[in-house]
Amino acid sequence: MSVSVDVVRRTTSSTPPATHILAELPYLPSAVPRARQVLRESLRGAGLDDDATSVAELLVSELVTNAVKYGQPPVWLLVELRPGLVHASVSDTSTALPERREVDEDSEGGRGLLVLDALAGSWGAVTVDSGKYLWFDLAVTPAAHPDGQAG
C-alpha cells in the first residue's frame, strides 16, 4: 500500500524557513512503521543527529499508535521542520482525547503519554469539529560534522 506524501515549502522574509510534510496513513498497525519512515525521510535532509531522529521517531510512533488503537480513520501525519524544531501532529476523526491510565509493570502498553512527558519539549491534544489531533514539539540541533562544525 502506498501512502501519498505532500511536501510544502514556503518562506517569506519575516518567517524562518519551514518544510511541511503531510501524509495520510492507513488505519492499520502498519501505519506506525510507515509514519516513522515518512518522518525519517523528512529529517534526512535536515542534518539532525541520530539521537534527535530516534527521539522524534519514538514520539511519532506513540501518536500514531494512539490514533490507530483509539481513533477513527482517516489518520494524518503532519511534520513541520523549522530551524531547531520538529513539530509533528497526528489527527483522526474521533473526538475522544487520550487519558492517563495506571499501568502495571507487566503491561505492554499504556505508557505513551509518559513517553511524551519525558521526551517532548511540549505536547498536547486538541479536539476540533472534525476530530482531534495530538502534537509534540521537539527542540533539535544539527549533527556536527567531523571538523566539529554544526551541519
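**Q** How should the environment of Leu138 be read in this particular structure?
**A** Among the secondary structure elements, Leu138 is positioned in strand 6 (residues 131-139). Judged by relative accessible area, Leu138 falls into the buried class, the value being 7%. Separated by 53 residues in sequence, Leu138 and Leu85 place their C-alpha atoms 5.7 Å apart. Excluding residues that lie within four positions of it along the chain, Leu138 makes contacts with Ala52, Val55, Ala56, Leu59, Gly84, Leu85, Val86, Leu119 and Gly121.

**Q** What am I meant to see in the nonpolar core here?
**A** Most often, soluble globular proteins keep nonpolar side chains buried together rather than apart. Counting residues in hydrophobic clusters, the biggest one holds 33 residues, and the most contacted among them are Val60, Val64, Leu77, Val86 and Phe136. Among the secondary structure elements, those contributing two or more residues to this core are strand 2 (19-25), helix 1 (31-44), helix 2 (50-70), strand 3 (75-82), strand 4 (85-92), helix 3 (112-119) and strand 6. With 8 residues, the top contributor of residues to this core is helix 2. If we ignore the near neighbours within four places in the chain, the residues touching Val60 are Ala35, Leu39, Leu77, Ala88 and Phe136.

**Q** Looking at this structure, I do not really get the pattern of salt bridges. What am I missing?
**A** Between side chains of opposite charge, a pair can form when the charged atoms approach closely. Within this structure, the stated rule accounts for 3 salt bridges. Between Glu57 and Arg40 there is a salt bridge, with its nearest N and O atoms 2.8 Å apart. Residue Glu57 is located in helix 2, and its partner Arg40 is located in helix 1; the two are separated by 17 residues in the primary sequence. Across the pair Asp92 and Lys132 runs a salt bridge, and its minimum N-O distance is 3.0 Å. Remark: Lys132 occurs in strand 6 and Asp92 occurs in strand 4; sequence separation between them is 40 residues. When its relative accessible area of 4% is taken as the criterion, Asp92 is described as buried.

The rules behind the values
Residues numbered from 1 in each chain as written. Predicted model: local features only at pLDDT ≥ 70, side-chain atom pairs only at ≥ 80, totals over all residues. Heavy atoms only, no water. Helix = DSSP H or I, 4+ residues; strand = E, 2+ residues; numbered from the N terminus. Buried < 20%, exposed > 50% of the residue type's maximum accessible area, 1.4 Å probe, protein only. Contact = heavy atoms within 4.5 Å. Core = buried A, V, L, I, M, F, W, Y, C linked by side-chain atoms within 4.5 Å. Salt bridge = Lys/Arg side-chain N within 4 Å of Asp/Glu carboxyl O.

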